Protein chains: 2
Amino acid sequence: MKYIYLLGATGSIGRQTLDIIKDNPHAFKLIGASLGRNDKDNDQILSEFPLEIACLRTNEKLNLYQKKYPDTTFTIGTEGLIDIVKYPKPGLVVNALSGSVGLMPTVVAIKQKKNIALANKETLVMAGDLINQYLKDYSVTLFPIDSEHSAIWQTLAHERFEDIEKIVITASGGAFRDLNRDELNDVTVEDALRHPNWSMGPKVTIDSATMMNKGLEIIEAHHLFQLPYEKIETMLHKESIVHGMAYFKDGTVKASLGVSDMRIPIAYALTYPNRSTYPKTLDLKQLTFQAMDFDRFPLLALAYHVGRQGGLLPTVMNAANEAAVKLFIEEKITFLGIEEIVIRTVRQFKNKENPTLEDILETDQSIQQSIIEYYEKR
Amino acid sequence: MKYIYLLGATGSIGRQTLDIIKDNPHAFKLIGASLGRNDKDNDQILSEFPLEIACLRTNEKLNLYQKKYPDTTFTIGTEGLIDIVKYPKPGLVVNALSGSVGLMPTVVAIKQKKNIALANKETLVMAGDLINQYLKDYSVTLFPIDSEHSAIWQTLAHERFEDIEKIVITASGGAFRDLNRDELNDVTVEDALRHPNWSMGPKVTIDSATMMNKGLEIIEAHHLFQLPYEKIETMLHKESIVHGMAYFKDGTVKASLGVSDMRIPIAYALTYPNRSTYPKTLDLKQLTFQAMDFDRFPLLALAYHVGRQGGLLPTVMNAANEAAVKLFIEEKITFLGIEEIVIRTVRQFKNKENPTLEDILETDQSIQQSIIEYYEKR
């Protein structure tokens, strides 16, 4: 029986993680979870899983929840997330938080010597070097949940690091892959949320349309697999069936394929090294591959630059993007406005090498705040 | 420095193995080799590699060879193949012999506790159960060289046997894949030897056109990976880029890809677990997959039947095919005559369970002889 702490239980990854836990009652026990804004969703989780600890976003309805679920310890806000990973029982932390708020719980989980199944890309984008150092210092293992990284991780199993020529992260191209840049002027939020292959949360779906998602993923891959950016390639693959590949120096290429269902990589991170059971089987007919077009997707080119520079720049890019996507969803900026904001913010920032965790958290906060304030005042 | 004994040095796999040994003089030393019919080819090998032991097909020119290469011990014929694997120095035996003659050297190599890189499918088709028992008894490892089996072996690395849902062996479809059965009436030997993707020896190229090659491969895979036939699938994949796949029960599919160059799987069998260097990189554009058509390729259907029956039937099928391909190349029968002979011979044979090695060798001989005699007399 593996104990699970689930951060972001009401998000897309969170809900699918709950499905897996529910389907495998003899393998997993949910001990703690962080809940969302929607009381109905929260109630469903709390009544279905008798949690020992649960984190609410605010203390607004704390008394109501406490009365209804007297056996659960309730904690509040970002501090409450930390309380969950600090809970004094062993277990796997599933970090399915969206955005930079996911960083600190990962750091604390490592210091608690709890292994982590990581869906929160921002953790590694913002503080990959520090995280890798902590993982080493505390002998903690991090399992990737992102489908591309799970795929690449699996193709690298049993292989020697020095034999890797490159890895390839595939990209479906997102909602606007068939539009040219001129046609992007008129797209709506609704359009951007219509991903052709994957059913995911709003942030990552918008990030797929701007290709920022692939940009964050190359930085994530750099830290996960300790590979230089020259060895990390992206490729357009509309079918989203091949999730990742590894090229080896002897000419062999290993690919990991599967239907577009996040439950597969989530389950693997939870059950590793075992595999669970999935009902559907992949039907192969045709797979197509295209070289990535960096002019069409400037945010991906930016991510390579930012990744190579390191320091605070990945945090700046991520923060600007997080703020810009929020503004776009609120219809305060256009789709192309996301790119403008992210590129301008990165350009104007004076980088700092070897930032501390405090530097990273402060920069993230200040960048996000200044962008949001500027556009919300207009 | 790894010592190599190469059986079938002048064949297609043999010559490519020599290239790899030549390119890696610090990794490999060729100690022994079996030579071919062509004196020029033999001379080239003997002058380039100072062999300790070499096997000639006949004793016709023994004195000439012995005079020219006084430091090499020469042996003769099928007995001479055994002398090579019995040579009292350790090393890896590369069995690149074509046909049933490859079986005994494999058996003896195992008993000599020499690991084997196996290109000779017939070894496992004829005597897979016995070979697996010997491998276990003598703690010897067998590395597959067939590109499909090398690919599948690599996709199974690090995986638990119980997680395998099925493996998939891909088939290009051979020279006549775009012809229907009526159109097969008029094809020539020359047509059949024109493989669309692979450059291989004549026997395996003809076997690709009849799909007997895939039939032998499923039986080979059954013994190599100890999987029941229900878990071994074949799929038409015209590009010959995906060589093999493994489906796991959690929905993950791992594929192993590469350009169609046998030097890649040969090198991997020689350098395992390390990888050598290959100059070309795979360019991915489009991959297509089609379900196998067993009506179009009846020999593949037969191979599944024969594999499931076991006993002497795989030996009978292989022997009939070996004889029939020989007759076809000599233009004594038509292309469709190959199928007729193989199917009829299998149908008429009364199977025997748990055959001994002697049963297998005798059956192979008598089946081949009776077919050749019948058709050569006509």
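Residues numbered from 1 in each chain as written. Chains lettered and ligands numbered in written order. Predicted model: local features only at pLDDT ≥ 70, side-chain atom pairs only at ≥ 80, totals over all residues. Heavy atoms only, no water.

**Remarks on the packing of helix H6 (residues 121-138) of chain A against helix H10 (residues 212-225) of chain A**
In a pair of packed helices, the angle between the axes and the distance between the axes together describe the arrangement. All names here are of chain A. Contact geometry for H6 and H10: axes closest at 8 Å, N-to-C directions at 20 degrees. By the angle between their directions, the pair H6 and H10 is classed as roughly parallel. Remark: the crossing between H6 and H10 carries left-handed chirality. Contact residues: H6 offers Lys121, Leu124, Val125, Gly128, Asp129 and Asn132, while H10 offers Asn213, Leu216, Glu217, Ile219, Glu220, His223 and Leu224. Looking at the contact of H6 with H10 residue by residue, the class counts come to 5 nonpolar, 4 polar and 4 charged. (Axes fitted to C-alpha atoms, helices over the stretch in contact; angles between N-to-C directions. Helix = DSSP H or I, 4+ residues; strand = E, 2+ residues; numbered from the N terminus. Parallel < 35°, antiparallel > 145°, perpendicular 65-115°, else oblique. Left-handed = near helix turned anticlockwise from the far one by under 90°. Contact = heavy atoms within 4.5 Å. Nonpolar A, V, L, I, M, F, W, Y, C, P; charged D, E, K, R; others polar.)

**Observations concerning the interface of chain B and chain A**
Contacts between the two partners involve 37 residues from chain B and, on the opposite side, 38 residues from chain A. Interface area, chain B with chain A, both sides summed: about 3,600 Å², of which 48% is carbon and sulfur. Interface area lost by chain B to chain A is led by Asp250, Arg275 and Leu284 of chain B, which between them contribute 20%. For Asp250 of chain B, the salt bridge identified is with Arg275 of chain A, shortest N-O distance 2.9 Å. Across the contact surface, chain B and chain A share 26 residue pairs in polar contact (both at pLDDT 80 or more). Within the residue set of the side of chain B that touches chain A, elements represented by two or more residues are strand S10 (242-248), strand S11 (253-257), helix H11 (263-271) and strand S12 (286-288) of chain B. For the side of chain B that touches chain A, the class distribution of residues is 16 nonpolar, 12 polar and 9 charged. As judged from the 5 bridges shared by strand S11 (residues 253-257) of chain A and S11 of chain B, these two strands associate in the antiparallel manner. (Buried area = accessible area lost by both parts, 1.4 Å probe. Salt bridge = Lys/Arg side-chain N within 4 Å of Asp/Glu carboxyl O. Polar contact = N/O pair within 3.5 Å; in protein donor to acceptor, adjacent residues only side chain to side chain. Pairing = 2+ DSSP bridges.)

**Let's talk about the side chain of Glu52 of chain A**
Residue and element names in this part refer to chain A. Within the secondary structure, Glu52 is located in the loop between helix H2 (39-48) and strand S3 (53-56). There is a polar contact of 2.7 Å between the side chain of Glu52 and the side chain of Tyr87. A polar atom in the side chain of Glu52 sits 3.0 Å from the side chain of Lys89.

**Notes on the relation of the copies chain B and chain A**
Rotating chain B by 180 degrees and moving it 0.0 Å along the rotation axis overlays it on chain A with an RMSD of 0.0 Å. On this basis, the relationship between the two copies can be described by a two-fold rotation axis. Most of the interface of chain B is mirrored in chain A: 100% of its interface residues are interface residues there too. (Least-squares fit on C-alpha atoms with pLDDT ≥ 70 in both.)

**With respect to the pattern of salt bridges**
All names here are of chain B. Overall, the coordinates contain 60 salt bridges over all chains when judged by the stated rule. With a closest N to O distance of 2.7 Å, Lys254 and Glu159 form a salt bridge. Residue Lys254 is located in strand S11, and its partner Glu159 is located in the loop between helix H7 (147-156) and strand S8 (164-171); the two are separated by 95 residues in the primary sequence. Glu159 carries the same exposure label as Lys254, and that label is buried. (Buried < 20%, exposed > 50% of the residue type's maximum accessible area, 1.4 Å probe, protein only.)

**So, the environment of Lys29 of chain B**
Residues and elements named next belong to chain B. With respect to the helices, strands and loops of the structure, Lys29 is situated in strand S2 (residues 28-34). In this structure Lys29 comes out as partly exposed when scored by relative accessible area, which is 32%. Residues Lys29 and Thr315 lie 286 residues apart in sequence; the distance between their C-alpha atoms is 34 Å. Once you skip the residues sitting within four places of it in the chain, Lys29 turns out to touch Met1, Lys2, Tyr3, Ile4 and Glu52.

**A few points about the domain arrangement of chain A**
Buried accessible area, meaning the area lost when the parts come together, often serves as the stated size of an interface. Residue and element names in this part refer to chain A. When cut into domains, chain A gives domain 1 (2-144) and domain 2 (149-309). Residue-level contacts link 23 residues of domain 1 with 25 residues of domain 2. In this structure, the connection of domain 1 to domain 2 is made through 2 salt bridges. Residue Glu122 pairs with Lys203 through a salt bridge whose shortest N-O separation is 3.8 Å. (Domains from an automatic or database assignment.)

**Section: the sheet that holds strand S1 (residues 2-7) of chain A**
All names here are of chain A. With parallel pairing, the 7 strands of this open sheet are ordered in space as S4-S3-S2-S1-S5-S6-S7. Looking along the sheet, the strands with just one partner apiece sit at the ends: strand S4 (73-76) and strand S7 (142-144). Shown here is a sheet whose adjacent strand axes are inclined to one another by a mean of 25 degrees, direction ignored.

**A look at the packing of aromatic side chains**
Aromatic ring pairs are defined here through the distance separating the ring centres and the angle between the ring planes. Following the criterion strictly, the structure yields 24 aromatic pairs over all chains and no others. Note on Phe176 of chain A and Phe335 of chain A: the rings are 4.8 Å apart at their centroids and 90 degrees apart in plane angle, and the pair reads as edge-to-face. Of the two residues, Phe176 of chain A sits in the loop between strand S8 (164-171) and helix H8 (189-192) while Phe335 of chain A sits in helix H14 (residues 335-348), which places them 159 residues apart along the sequence. For the pair shown, Phe176 of chain A and Phe335 of chain A are each scored as buried. One aromatic cluster in this structure is built from Phe143, Trp153, Tyr268 and Tyr272 of chain A. Of note, Lys111 of chain A hangs over the ring of Tyr134 of chain A, and the distance from its end group to the ring centre comes to 4.9 Å. The ring of Tyr247 of chain B has Lys166 of chain B lying over it, and the distance from NZ or CZ to the ring centre is 4.4 Å. (Phe/Tyr/Trp six-rings, centres within 6.5 Å; stacked < 30°, edge-to-face > 60°. Lys NZ or Arg CZ within 6 Å of the ring centre and 35° of its normal.)

**Quick look at the nonpolar core**
Of all hydrophobic cores here, the largest spans 123 residues; its most connected members are Ile167, Leu270, Met317 and Phe335 of chain B. It is helix H13 (residues 313-329) of chain B that contributes the most residues to this core, 10 residues altogether. In this structure, this core is formed jointly by two domains, domain 1 (2-144) and domain 2 (149-309) of chain B, each of which donates at least three residues. Not counting residues within four places of it along the chain, the set of residues in contact with Ile167 of chain B comprises Ile152, Leu156, Ala221, Phe225, Leu227, Lys231, Ile232, Glu233, Met245 and Ala246 of chain B. With 91 residues, the next largest nonpolar core counts Ala209, Tyr229, Ala267 and Ala303 of chain A among its residues. (Core = buried A, V, L, I, M, F, W, Y, C linked by side-chain atoms within 4.5 Å.)

**So, helix H4 (residues 77-86) of chain A**
Residues of H4 of chain A that are buried include every one of Gly77, Gly80, Leu81, Ile82, Ile84 and Val85 of chain A, and no others. Contacts from the buried residues of H4 of chain A go to S1, strand S2 (28-34), S3, S4, strand S5 (92-95) and helix H5 (103-111) of chain A.

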